[in-house]
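# Structural overview for review
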Amino acid sequence: MEAVITVNKARARARARAKGKKRREAEPQPQPEAPQPQPADPEPQFPPNFNVSEIKNKQRRQLMYQRWRRLQRKEQLASKKKRQKERVALGDKAPPKEVPKTIENQRVYDETVVDPNDEEVAFDEATDEFSSYFSRETTPMILITTSDRPRGKTVRLCEQMSKVIPNSHVYYRRGLALKKIIPQCMARGFTDLLVINEDRKVPNGLIVSHLPNGPTAHFKMSNARLAKERKRRGKEPTKHTPEVILNNFSTRLGHSIGRMFASLFPYNPQFLGRQVATFHNQRDYIFFRFHRYVFRNEKKVGLQELGPRFTLKLRSLQKGTFDSKYGEYEWVHKRHEMDSSRRKFHL
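Residues numbered from 1 in each chain as written. Predicted model: local features only at pLDDT ≥ 70, side-chain atom pairs only at ≥ 80, totals over all residues. Heavy atoms only, no water.

## Describing the nonpolar core
Here is a general trend for soluble globular proteins: nonpolar side chains tend to be buried in one another's company. Counted only if it meets this: We define a nonpolar core as any set of buried Ala, Val, Leu, Ile, Met, Phe, Trp, Tyr and Cys residues linked to one another through side-chain atoms lying within 4.5 Å. The rule is simple: take the accessible area with a 1.4 Å probe, protein chains only, and divide by the maximum for that residue type; under 20% is buried, over 50% is exposed, in between is partly exposed. Whether two residues are in contact is decided by their heavy atoms: any pair within 4.5 Å suffices.
Grouped together as the largest cluster of nonpolar side chains are 37 residues, with contacts concentrated most on Phe 219, Ile 257 and Ile 286. Ile 286 has contacts with Phe 219, Phe 249, Ile 257, Phe 261, Phe 279, His 280, Asn 281, Phe 310, Thr 311, Leu 312 and Leu 347, leaving out every residue within four places of it along the chain. Formed by 10 residues, the second largest nonpolar core is a distinct cluster that contains Leu 178, Phe 190, Leu 193 and Ile 207.

Laid out in structure tokens, this is it:
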């Protein structure tokens, strides 16, 4: 009897739970409230004479500097957008764009900058050591050599330069002094001598001596890279005579250096090869590149770097052929005296 009563109570509780569940399901459930967006932290306003270096705490100083830079960028972007809208609204009546200030266009005035119409410059160029080349009386013939006991990279650089410069020959010193090499070069009809020096197995210097009467230029070489060290390089250069591009050699000294580089290559380039040797002067650093230009279609032209590449810095210009003891120097780079201003250039 007690067992029957227990079963009936259990069934009654189960029916009550089922009814309560149905009733809860029938009642409308309250919707959860959507989270309210948190207001963004307003950018702090800095006083006009704000100086972040006055904050002693390092972490606080870094945080305030980041916020200050973020605010500066926002103001610059807003100002740029405002100017663009004004230019669009004005159309053709808009004022010309401001030229950004660079070290090049803020260059210190140099009285030796060459005027193309200067009669004195034209006369000097017609009577200097390179006049026979530019009057096409001589054909360049170049001897390329190295310092004593050259290493692998210097040797490969000489071999690649012989492919860049037509009618050039590579010979190794074997302990022979330059004063003895120069008379032999003149006896064999060479017009220029190139000497690539090295230090710790890395090319670090270049001497260019024009024969037979000079001048001789000494350059510091840096960032020398061979063709195989380039990731994207073209095929091997052909035997065509390349075109020569000389950029930004504007002073009397720069003209002399530019004419020296030009006299290394034959006067008439072969445009069929589409090869270009470039000497680009920027802030008295001369960047050498060797490219081939490729016509992709009627409007697009691509460049393939054939290598090698390096950077030159003029150290001295000497009259006559190489003579380190009794030579007369036209120009010598004195770093502490000449490099006092970043806006003063000599080439």
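## So, unusual backbone geometry
What counts, and what does not: Every helix listed is a DSSP run of H or I at least four residues long, and every strand listed is a run of E at least two residues long, numbered separately from the N terminus.
Cis geometry marks the peptide bond from Leu 211 to Pro 212; its omega dihedral reads 5 degrees. Here Pro 212 is to be found in the loop between β4 (202-210) and β5 (216-225). With phi around 55 degrees, Asn 223 is a residue other than glycine that occupies positive phi space. Within the secondary structure layout, Asn 223 lies in strand β5. Residue class for Asn 223 comes out exposed when judged on its relative accessible area of 59%.

## Quick notes on the pairing of strand β7 (residues 275-282)
We apply this condition: If the strands point away from the viewer and the path from the first strand over the helix to the second runs clockwise, then the crossover is right-handed. Paired strands, as defined in this entry, are two strands with at least two bridges between them according to DSSP.
The buried count for β7 comes to 6 of 8 residues, which makes it a mostly enclosed element. Handedness of the crossover is the feature at issue here: the chain leaves strand β6 (residues 243-247), passes through helix α7 (residues 252-262), returns alongside β7, and the resulting connection is left-handed. The hairpin turn running from β7 into strand β8 (residues 285-295), its antiparallel successor, is 2 residues long, and Arg 283 in that turn takes a positive phi close to 60 degrees.

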